[in-house]
Amino acid sequence: MNYINLTGFGLLMMMFTFSCKSDLETEPIELQTLDQVFDKRDSAGVNANRFLADCYRFLPSTGNRVGGDYLDAATDDAVSSNPTNTSVQQLATGSYTSDSYQDNLWATCYQGIRRTTIFITNIDNVPLKGQLDNGTSFNKVWKAEARFLRAMFYFELVKRYGGVPLLGDKVYQLNDDIELPRNTFDECVSFIVQECDVIRDSLRIDPMNLQFFGRPTNAAAMALKSRLLLYAASPLFNGGNIDAGNVLTGYTDFSSNRWQAAENAAKAIIDLGLYKLEPNFAEVFTTRNMERIFSKQGDNNTSVENNNGPIGYSAGVNNGRTSATQELVDAFGMSNGLDISDPSSGYDANNPYTGRDPRFYATIFYNGAMWLNRPVQTFEGGADKPGGSVQQTKTSYYVRKFMGNFETATNYSNVNHDFILFRYAETLLNYAEARNERLGSPDASVYQAVEEIRKRAGLTPFELPTSLSQQQMRVVIQQERRKEMAFEEQRFYDVRRWKTAEVDFNKDLHAAIIYQTGTGTIRQTAPILKMKFEKKMYLAPIPFTEVIKNPQMVQNPGW
């Protein structure tokens with residue numbers, strides 16, 4: 001018999017319950033056979049629905065997931081506050097091998113692919129009753145959800161490793177020959193795009209339907225397609241840059257057609273007219289709103305605050321896990337939209353945190369920021385940087401993003417902490433980048449998309465200078481993406497796909513050193529970590545165990 005091992009779906013089960021109950025529901029699902037899970041007598045599909053709910057746990061999370069750190073602490077935006085050589089620091093310094101890559105999701109994603117394929121190939125055995133308002137049967141809807149999840153798992157593999165083996169709808173058993181070769185990057189992209197296109201009209205439309213909140217809508221499939229095609233059009237994958245024979249990428253020439261495809265995919269979401277930017281940037285991440293396109297369900301808790309809050313507060317347990325770098329702080333310009341290096345910006349080095357881009361205040365804890373009814377103290381010897389062996393900021397900054405509004409509170413209270421995987425701001429930036437690259441210079445629609453982001457940020461004026469060149473607009477878009485998407489696991493892959501990591505991730509990162517004296521404040525900068533990036537690191541290494549056991553598994557170049 002084939003038994004199903006299902007664990008860890010706790011919260012998801014609360015969301016995906018039905019009023020009808022199966023006779024088998026009281027039996028532990030890990031002891032049920034496929035015939036029991038996909039019961040031909042179960043018109044409510046109770047056990048099948050439990051199986052589908054469990055598939056969601058393989059979706060990527062964000063937050064403190066890489067050895068307790070943000071993945072962004074492996075970029076130039078942050079460092080881990082942990083005094084030891086953490087997993088994320090190994091990523092930042094390039095001190096990893098093919099059997100010690102610290103963001104290896106190979107096994108997790110293929111487990112998710114196997115589980116969703118089991119569902120896809122068996123759900124039609126269940127005589128589900130009911131349909132969506134548009135007449136789509138629940139069998140078809142559930143199957144589309146599983147195909148979306150499977151496409152997500154393949155994307156998570158492709159963005160890390162390049163081309164990977166595509167398994168189709170075959171569910172491999174232990175005694176099967178699974179020594180499969182890698183498909184090309186191009187073949188993987190085509191497969192994921194086709195899946196997104198096929199399932200789009202079978203998915204729900206309303207993202208705020210609380211009965212099905214957390215399940216993908218048609219826009220979620222469109223957003224996955226948009227991000228994938230943006231990656232495929234980017235310099236890393238567009239032009240055969242990874243390996244001379246193009247065995248892994250499948251691309252042999254640089255083509256503007258790929259930018260066109262990425263542009264069209266983003267524009268299709270915009271044209272839905274359904275999504276919009278949440279007026280308050282900070283609340284995008286703590287309220288369920290119409291900027292969110294798809295999220296992995298989290299919980300109402302204080303986990304982000306406890307993990308990353310400044311350490312010197314008696315209210316709650318704050319671990320101060322993430323230290324934002326001076327490089328990220330400097331990336332945030334002024335509220336008038338100008339860079340701090342611009343002589344006209346009004347930047348004052350003696351009051352460096354005054355008059356900044358409002359997103360700065362929603363993203364970074366700095367010396368003097370209000371929190372839990374007192375100013376943050378990250379000067380040397382301050383309450384939040386006392387020195388000694390306690391874990392604390394290494395840079396005089398902490399990360400504030402994703403937290404609730406506790407500036408004047410005395411204690412934390414529960415906050416919505418879902419893992420947002422796609423949101424509308426990214427769609428606008430995807431569209432602007434792809435169209436700017438395709439046209440060779442920005443037109444009015446590129447300006448409009450970028451300025452919509454800047455307007456919501458609260459920049460005054462939010463308008464950009466007219467007549468920017470393609471390169472000038474490219475820099476603006478990349479800067480806006482860095483500020484807007486900080487700590488959302490975008491920069492780690494953006495810098496790679498732009499193929500600028502050999503510069504951006506090969507440098508010293510800096511801390512602010514702040515001294516509070518009787519006569520005023522003294523500020524200095526000092527190097528805190530040396531990043532190291534080699535060309536081979538544009539793609540993650542295929543796990544050593546996979547290469548050893550499968551003679552057809554070609555390792556990525558340099559590993």
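A short tour of the structure in this document, coming up. Being a predicted model, the structure only gives us computed values, none of them experimental. (Residues numbered from 1 in each chain as written. Predicted model: local features only at pLDDT ≥ 70, side-chain atom pairs only at ≥ 80, totals over all residues. Heavy atoms only, no water.)

## A word on the pattern of salt bridges
Taken as a whole and judged by the stated rule, the model has 50 salt bridges. Between Arg423 and Glu291 there is a salt bridge, with the nearest N and O atoms lying 2.7 Å from each other. Placement of the pair is Arg423 in strand β8 (residues 415–423) and Glu291 in the loop between α9 (256–272) and β2 (292–301), with a sequence separation of 132 residues. For the pair formed by Arg423 and Glu291, the shared burial category is buried. Residue Arg359 is joined to Glu480 by a salt bridge in which the shortest nitrogen-to-oxygen separation is 2.9 Å. Of this pair, Arg359 sits in helix α12 (residues 358–363) while Glu480 sits in helix α15 (residues 470–484); the two residues are 121 residues apart in sequence, bridging distant segments of the chain. Residue class for Arg359 comes out buried when judged on its relative accessible area of 0%. (Salt bridge = Lys/Arg side-chain N within 4 Å of Asp/Glu carboxyl O. Helix = DSSP H or I, 4+ residues; strand = E, 2+ residues; numbered from the N terminus. Buried < 20%, exposed > 50% of the residue type's maximum accessible area, 1.4 Å probe, protein only.)

## Description of the packing of helix α3 (residues 46–55) against helix α5 (residues 106–122)
Two elements in contact, α3 and α5, have axes whose closest approach is 9 Å; the angle formed by their N-to-C orientations is 150°. Classified by the angle their axes make, α3 and α5 are roughly antiparallel. Considering the relative orientation of α3 and α5, their crossing is left-handed. Counted together, Ala48, Phe51, Leu52, Asp54 and Cys55 of α3 and Arg115, Thr116, Ile118 and Phe119 of α5 form the full contact between these two elements. Among the residues forming the contact of α3 with α5, the class breakdown is six nonpolar, one polar and two charged. (Axes fitted to C-alpha atoms, helices over the stretch in contact; angles between N-to-C directions. Parallel < 35°, antiparallel > 145°, perpendicular 65-115°, else oblique. Left-handed = near helix turned anticlockwise from the far one by under 90°. Contact = heavy atoms within 4.5 Å. Nonpolar A, V, L, I, M, F, W, Y, C, P; charged D, E, K, R; others polar.)

## Focus: the side chain of Glu433
For Glu433, the location among the structural elements is in helix α13 (residues 424–439). Excluding anything up to four places from it in sequence, Glu433 contacts Leu230, Ser234, Trp259, Ile477, Arg481, Arg497 and Trp498.

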